[in-house]
Amino acid sequence: MGRTPRRDLLAGLTVAIVALPLALGFGVSSGLGAEAGLATAVVAGALAALFGGSNLQVSGPTGAMTVVLVPIVAQYGPGGVLSVGLIAGVLLIALAVARAGRYMRYVPAPVVEGFTLGIACVIGLQQLPNALGVPKPEGDKVLAVAWRAVEEFVRHPNWTAVGVALAVAAVMLIGARWRPAIPFSVVAVIAATVAAQLFHLDAAKPIGDLPAGLPAPSLAFLDPAALGSLLAPAVAVAALAALESLLSASVADGMTVGQQHDPDRELFGQGLANLAAPLFGGVPATGAIARTAVNVRTGASSRLAALAHAAVLAVIVFAAAPLVSRIPLAALAGVLLATAVRMVEVGSLRAMARATRSDAVVLVLTAVATLALDLVYAVIIGLLVAGALALRAVAKQARMERISLAPLVPGEDREEEHALLAEHIVAYRVDGPLFFAGAHRSLLELSEVADARVVILRMSRVTTIDATGALVLKDAVEKLNRRGIAVLTSGIRPGQRQVLDSVGALELLRPEGRDFAATPEAIAAARAHLQRTGVLPFPSPRPKPLPAPRPGPASVITEESSR
């Protein structure tokens, strides 16, 4: 942190300016109030910066976490949210100890893109009550709440709130294209607040009174009787915190050269942050992609920038709470609407949709599930569907192809020999994975062989085999044997023998020596089998040629001849 302190401090100041309206907005959206968002940004931001696994990560309240918290607030109240955050912190530390961070790399890109698209839609819908200037309807289903808010606006329109929200969103979106380095979110919020005060825009409802400082640490919110019922929501919060934090850290690595985060340490830092934030009235936190991106773009190179961001927000909490309390809720709604729009990367979505049909299905399904169900359920559904489609694609690579014996028959009379053997021997080459998803389909042709006495299976190109594939192969061999057709194999890899042996498939081959290392050996054994069974005649022995005379002097040869 001592290498480039000036640049890091400037980056931290810039991130704090960007994070202020976001922290306020996400705190309000979560249902715990703007002060909860600020407390989270200060406490969780500082601890995650110190103990996390990324030098450039900026943590705090995020839109994705807000989406999860709204139904928890509706069901359990503010105390339930704080308890859930505490339990989630313990779970994150347990994940770090179990070294679960490495598994983030297995989340497919379409799931992440669909997840992000769904979150953006949910964040936008959550802002409708404040953007329309109507009281927030009861309920935890975002679609239903947004629809009731629209109905209320139709009955009692509030065009002032709509104008403020749209103006703030427009300034942010247009300004980001014009001068990306300027924090237009703060500029727009300040302008909206000043306008509301000067023109007495009573319809633009302000945030309300904020405490001047952080509350003293307390565990008064804990209800031991309710901890059991809060475990499931806590698992969802911990899963989302892990997913979003590791995704954000990966984005930061991709935007820089020479930076590499430690996923397990990042989980540990996020766990500590979520343990501490509820003690000060904060909501669960994660790594924030938007703030982390701003941190990287403004030249941050160490953890000092994220610490400076938390320190600046702490100063605002203690020194400028009365000014912050006058910010119109419609202005914060505009900030979050613009944030939701900027979360959607149209180019990336188009690329995913055009890649393969499976990628498009996973992306759309994950986005719809995020909007209609729950974020964690959406990710699980996306992973399951992506896994099923991937297995289907891999299974299609498994195939069994009938091959010619001509290139494999040794000897001088290859054509004549091949013609004779081809009447009685069939050779198949098995390619790709032989596992549960495709074993039945790939080996179906094997059971239908009717025009041969011997079947040779070339197994050298089998990439993997599981118990299902081994059982299907065993069943096919048994059916052929019952019909009097001998089965020989060649090229079985050592690593695959254990699987075949465990289900008894090799027992069908070992007693009669029908398992060979190379295909020519299997063909020779097949020929011998056909000769023993009388299908092919034994070859007649050929006379051995006389040995050539030894070269030597003529006199020696004459003496030997006479003797």
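Scroll up for the structure.
Treat the numbers as computed from the prediction; the structure is a model and nothing was measured.

Novice: For this particular structure, what's the right way to read the overall build of the protein chain?
Specialist: Secondary structure summary: the protein chain contains 23 helices and eight strands in total. Split into buried and exposed, the 563 residues of the protein chain put 49% on the buried side. Of the contacts made within the protein chain by residues no fewer than 6 positions apart, 83% connect residues no fewer than 24 positions apart. For the protein chain, the exposed surface amounts to about 27300 Å²; the carbon and sulfur share of it is 62%.

Novice: Whenever I open this one, the nonpolar core confuses me. Can you help?
Specialist: Nonpolar side chains in soluble globular proteins generally cluster together in the buried interior. Core analysis: the biggest nonpolar cluster contains 85 residues, and Leu24, Val168, Val237, Leu313 and Leu375 have the highest contact counts within it. Ranked by residues supplied to this core, first place goes to helix H3 (residues 63-97) with 15 residues. Setting aside residues no more than four positions away along its own chain, Val237 makes contact with Met65, Val68, Leu69, Ile72, Val84, Ala88 and Pro284. Counting residues in each nonpolar core, the second largest holds 23 residues, with Ala452, Met459, Val477 and Ile485 among its members.

Novice: How should the packing of aromatic side chains be read in this particular structure?
Specialist: Aromatic rings in a pair are described by how distant their centres are and how their planes are angled relative to each other. Per the stated rule, a full pass over the model turns up one aromatic pair. For the ring pair Phe153 and Trp159, a centre distance of 5.1 Å and an interplane angle of 80° mean the geometry is edge-to-face.

Novice: Got a minute to help me understand the packing of helix H4 (residues 109-126) against helix H16 (residues 357-372) in this structure?
Specialist: Between two packed helices, both the angle of their axes relative to each other and the distance between the axes serve to describe the pair. Direction vectors running N to C along H4 and H16 enclose 30°, while the axes themselves pass 7 Å from each other. In this view, H4 runs roughly parallel relative to H16, as classed from their interaxial angle. The chirality of how H4 crosses H16 is right-handed. Here H4 contributes Pro110, Val111, Glu113, Gly114, Phe115, Leu117, Gly118, Ile119, Cys121, Val122 and Leu125 to the contact with H16, which in turn contributes Asp359, Val362, Leu363, Thr366, Ala367, Thr370 and Leu371.

Novice: Sorry if this is basic, but what is going on with the side chain of Asp431 here?
Specialist: Its place among the elements puts Asp431 in strand S4 (residues 425-434). At 3.4 Å, the side chain of Asp431 and the side chain of Arg429 are in polar contact. Setting aside residues no more than four positions away along its own chain, Asp431 makes contact with Gln397, Ala398, Arg399 and Arg461.

Rules of the game
Throughout, residues of each chain are indexed from 1 in the direction in which the sequence is written. Whole-chain, interface and lining totals are the exception, using all residues; otherwise, since this is a predicted model, local features are given only for residues with pLDDT of at least 70 and side-chain atom pairs are given and counted only at 80 or more. Based on all heavy atoms of the structure, the side-chain values leave hydrogens and waters out of the count. Helix and strand assignments follow DSSP, with helices taken as H or I runs no shorter than four residues and strands as E runs no shorter than two, numbered in order from the N terminus. Think of it in three bands: residues with accessible area under 20% of the maximum for their type are buried, residues over 50% are exposed, and the middle band is partly exposed, with areas taken using a 1.4 Å probe on protein chains only. Residue contacts follow a heavy-atom distance rule, with two residues in contact if any of their heavy atoms lie within 4.5 Å. We get accessible surface area from the Shrake-Rupley algorithm with a probe of 1.4 Å; when it comes to residues, only the shown protein chains can shield them. To qualify as a nonpolar core, a set must consist of buried Ala, Val, Leu, Ile, Met, Phe, Trp, Tyr and Cys residues joined through side-chain atoms within 4.5 Å. Side-chain rings of Phe, Tyr and Trp (the six-membered ring for Trp) are treated as a pair once their centres are within 6.5 Å; stacked means planes under 30 degrees apart, edge-to-face means over 60, and tilted covers the remaining angles. Each axis is a line fitted through C-alpha atoms, taken for helices only over the stretch in contact, and angles between the N-to-C directions span 0 to 180 degrees. Each angle gets one of four labels, with under 35 degrees taken as roughly parallel, over 145 as roughly antiparallel, 65 to 115 as roughly perpendicular, and the rest as oblique. Crossing handedness follows the turn of the near helix against the far one: under a right angle anticlockwise gives a left-handed crossing, and clockwise gives a right-handed one. Distance and chemistry together define a polar contact, namely a pair of N or O atoms within 3.5 Å, with one atom able to donate a hydrogen and the other to accept it when in protein, and with adjacent residues in sequence counting only for side-chain atoms on both sides.

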